[in-house]
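# Understanding the architecture of this molecule
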Amino acid sequence: MPTLRITNGRLIDPSQGIDQVTDLWIRGETILGPQSGTQADRVIDAQEKIVCPGLIDMHVHLREPGREEDETIATGTAAALAGGITSVACMPNTEPALDSQAADEFVYLQAGRAGHANVFPVGAITKGRQGQELAEIGGLVEGGAVAFTDDGSPVVSAEIMRRALEYCRMFNKAVLSHAEDLELTRGGVMHEGFESMRLGLRGMPAAAEEVMVHRDITLAELTGGRLHILHVSTAGSVELIRQARRRGVQVSGEATPHHFTLTDKCLRNFDSNYKMAPPLRTEQDVQAIIAGLKDGTLEVIATDHAPHAPEKKMRELDQAPNGIIGLETLLPICVMSLIEPGHLTWPQLIEKLTINPARVLGIDRGTLKPGAKADVTIIDPKAEWTIDPNLFRSKSRNCPFAGWKVRGRAHAVLLNGEVKYAANGRE
Ligand SMILES: [Zn+2]
Ligand SMILES: [Zn+2]
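Residues numbered from 1 in each chain as written. Chains lettered and ligands numbered in written order. Predicted model: local features only at pLDDT ≥ 70, side-chain atom pairs only at ≥ 80, totals over all residues. Heavy atoms only, no water.

## Details of the coordination of the zinc ion (ligand 1)
Protein-derived ligands of the zinc ion (ligand 1) are Asp 151 (OD), His 178 (ND1) and His 231 (NE2), with the metal-ligand distances lying across 2.0 to 2.1 Å. In primary sequence terms, the donor set of the zinc ion (ligand 1) follows D-x26-H-x52-H. Separating the zinc ion (ligand 1) from the zinc ion (ligand 2) is a gap of 3.5 Å, which Asp 151 spans by donating to each of them. Placement of His 178 in the loop between β12 (174-177) and α5 (182-185) and of His 231 in the loop between β15 (227-229) and α8 (235-247) is noted, with a sequence separation of 53 residues between them. Across the pair, exposure class does not vary: His 178 and His 231 are buried alike. (Donors = N, O, S within 2.8 Å, 3.2 Å for Na, K, Ca; no water. Helix = DSSP H or I, 4+ residues; strand = E, 2+ residues; numbered from the N terminus. Buried < 20%, exposed > 50% of the residue type's maximum accessible area, 1.4 Å probe, protein only.)

Written out as structure tokens, the structure reads:
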């Protein structure tokens, strides 16, 4: 089998505590390790670059089946590769919802056909995401579901959430919580506070998230189930997760780049590209999320990539759907908001984008251990570029960072030992 040597790079693999300039050897589809010696069939020079496990984005909406005008599995995974991401977990709020073994199998089939990034389906907790009746968790696991959520919506019934945690525990799968009290957020378009009052827009209070984070932590404690809080957006949620982890509750937390970069002040121009659920919060919340990332309370960074076709997203603010795309801006926004101000080191950032989400999902990725699948991302941390959504591979353009001058991007991306994306070569 052909061998590949990636040379001169700064090899960072938090799963093994590696951070040093050394070679990485690959044979066929498999990592050999940083050994030196024999002649390689092919050499990639990674001078001044970071070589790390392929990035994992565990919170992505691929929209297929049902809303192919927004995104497809093929376009979403092409966008992932361009963003340096080799594996995504896709959310089940498709039409129909991913609530059956056949739906899982469809996702794997389409991802295989596209041949871009790996896709790991997340199954729905309830049938049709209606919140009434548990989905067939066992069948979904059989079909390859790696976790469970009704994301897009919360699980309104505490009793159903309790049973989901109990059931998923039997399969050692995490339950991913979209924490929102729908009665408290009804009609809201942004965070409830000074800015919403000033703009005369209906707000969604931080408490709408926090009461549900509190409920789900309490249920995780009751059941011994594994809980992951998606898109943590408030200082109060960060503190609830911090305290629960101290008590030994099995709860992990996730932050999105937009929630640690933007605030509700952005809504002053009434641009729907700043409308999402949970909403952008205050500077104090941004600082609390960064503190949570620093002290390990928030283990995972994920994009919540939520594509919407332009004709939908360009409606009036109160009519426009929630969400923004994020796959192709993940790296530079993390560099700008976390690395350059010194909040996280590169190994700390990469840990939250590789081995930590791999552990939450229980997938055998996010590591460069010998024998692992050779999914590798080579990052150019210094590359300067201007974000232009018109150049994105995603089908949608709902990006709040258009025109931003940024640093850092994927230089090359390998999947199973094969170069699938190269910034210079454009494949
Ligand atoms: Zn959500
Ligand atoms: Zn989501």
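## A word on helix α4 (residues 158-170)
When the terminal C-alpha atoms of α4 are compared, their 19 Å separation across 13 residues agrees well with the 18 Å that a helix rising 1.5 Å per residue should span. Packing partners of the buried residues in α4 comprise α3 (137-143), β11 (147-148), β12, α7 (206-223) and β15. Capping of α4 at its N-terminal end is provided by Ser 157; its side-chain oxygen lies 3.2 Å from the backbone amide nitrogen of Glu 159. With its phi angle positive at about 50 degrees, Asn 172 sits one or two positions after the end of α4. (Expected span 1.5 Å × (residues − 1). Contact = heavy atoms within 4.5 Å. Polar contact = N/O pair within 3.5 Å; in protein donor to acceptor, adjacent residues only side chain to side chain.)

## Regarding the layout of surface pockets
Empty space within the largest pocket amounts to approximately 530 Å³. Lining of the largest pocket is provided by 29 residues; of these, Gly 152, His 178, Ala 277, Pro 321 and Asn 322 occupy positions nearest its centre. Class assignment of the residues belonging to the lining of the largest pocket gives a composition of 8 nonpolar, 13 polar and 8 charged. (1 Å grid on protein atoms, 1.4 Å probe; cavity = no way out; pocket = protein on both sides within 12 Å on 5 of 7 lines; lining within 4 Å. Points joined across faces, edges and corners; volume = space filled by probe spheres on them. Nonpolar A, V, L, I, M, F, W, Y, C, P; charged D, E, K, R; others polar.)

## Considering the pairing of strand β3 (residues 18-21)
Looking at chain direction, strand β2 (residues 10-13) and β3 are connected through 4 bridges and run antiparallel. Note on β3: the bridge partner recorded for Leu 11 is Gln 20. Taking the residues that link successive antiparallel strands as the turn, the β2-β3 hairpin has 4 residues, and the phi of Gly 17 there is positive, at about 65 degrees. (Pairing = 2+ DSSP bridges.)

## A few points about the packing of α8 against helix α9 (residues 283-295)
For any two helices packed against each other, the geometry comes down to the angle between their axes and how far apart the axes lie. Contact geometry for α8 and α9: axes closest at 8 Å, N-to-C directions at 25 degrees. Taken together, the axes of α8 and α9 lie roughly parallel to each other. Contact residues: α8 offers Ala 235, Val 238 and Arg 242, while α9 offers Asp 285, Ala 288, Ile 289, Ala 291, Gly 292 and Asp 295. A breakdown of the residues in the contact of α8 with α9 according to their chemical character gives 5 nonpolar, 1 polar and 3 charged. (Axes fitted to C-alpha atoms, helices over the stretch in contact; angles between N-to-C directions. Parallel < 35°, antiparallel > 145°, perpendicular 65-115°, else oblique.)

## What about the pattern of salt bridges?
With the rule as written, the count across this model stands at 21 salt bridges. Measuring nitrogen to oxygen at the nearest pair gives 2.9 Å for the salt bridge that ties Asp 375 to Arg 365. Of this pair, Asp 375 sits in the loop between α13 (355-361) and β18 (376-386) while Arg 365 sits in the loop between α13 and β18, and the two are 10 residues apart along the sequence. Here the residues in one salt-bridge network are Arg 67, Glu 69, Asp 70 and Lys 312, joined through shared partners. (Salt bridge = Lys/Arg side-chain N within 4 Å of Asp/Glu carboxyl O.)

## Considering the nonpolar core
Counting 73 residues, the largest nonpolar core has Phe 260, Ile 301, Leu 338, Trp 346 and Leu 349 as its most contacted members. Top element by residues in this core is helix α11 (residues 330-339). It accounts for 6 residues. Setting aside anything within four residues of it in sequence, one finds Ile 301 in contact with Ile 56, Ala 255, Pro 257, Phe 260, Leu 293, Leu 330, Cys 334, Leu 338, Leu 349, Lys 352 and Leu 353. (Core = buried A, V, L, I, M, F, W, Y, C linked by side-chain atoms within 4.5 Å.)

## A few points about the packing of aromatic side chains
Think of a pair of aromatic rings as described by two things: how far the centres are apart, and how the planes are tilted against each other in angle. Evaluated as defined, the whole model comprises 2 aromatic pairs. Ring centres of Tyr 167 and Phe 171 lie 6.0 Å apart, and the angle between their planes is 40 degrees; on these two criteria the pair is classed as tilted. A centroid spacing of 4.9 Å and a plane angle of 80 degrees characterise the contact between Phe 401 and Trp 404, whose relative ring orientation is edge-to-face. Overall, Trp 404 belongs to the partly exposed group, its relative accessible area being 26%. A cation over an aromatic ring shows up here: Arg 409 above the ring of Trp 385, its NZ or CZ 4.2 Å from the ring centre. (Phe/Tyr/Trp six-rings, centres within 6.5 Å; stacked < 30°, edge-to-face > 60°. Lys NZ or Arg CZ within 6 Å of the ring centre and 35° of its normal.)

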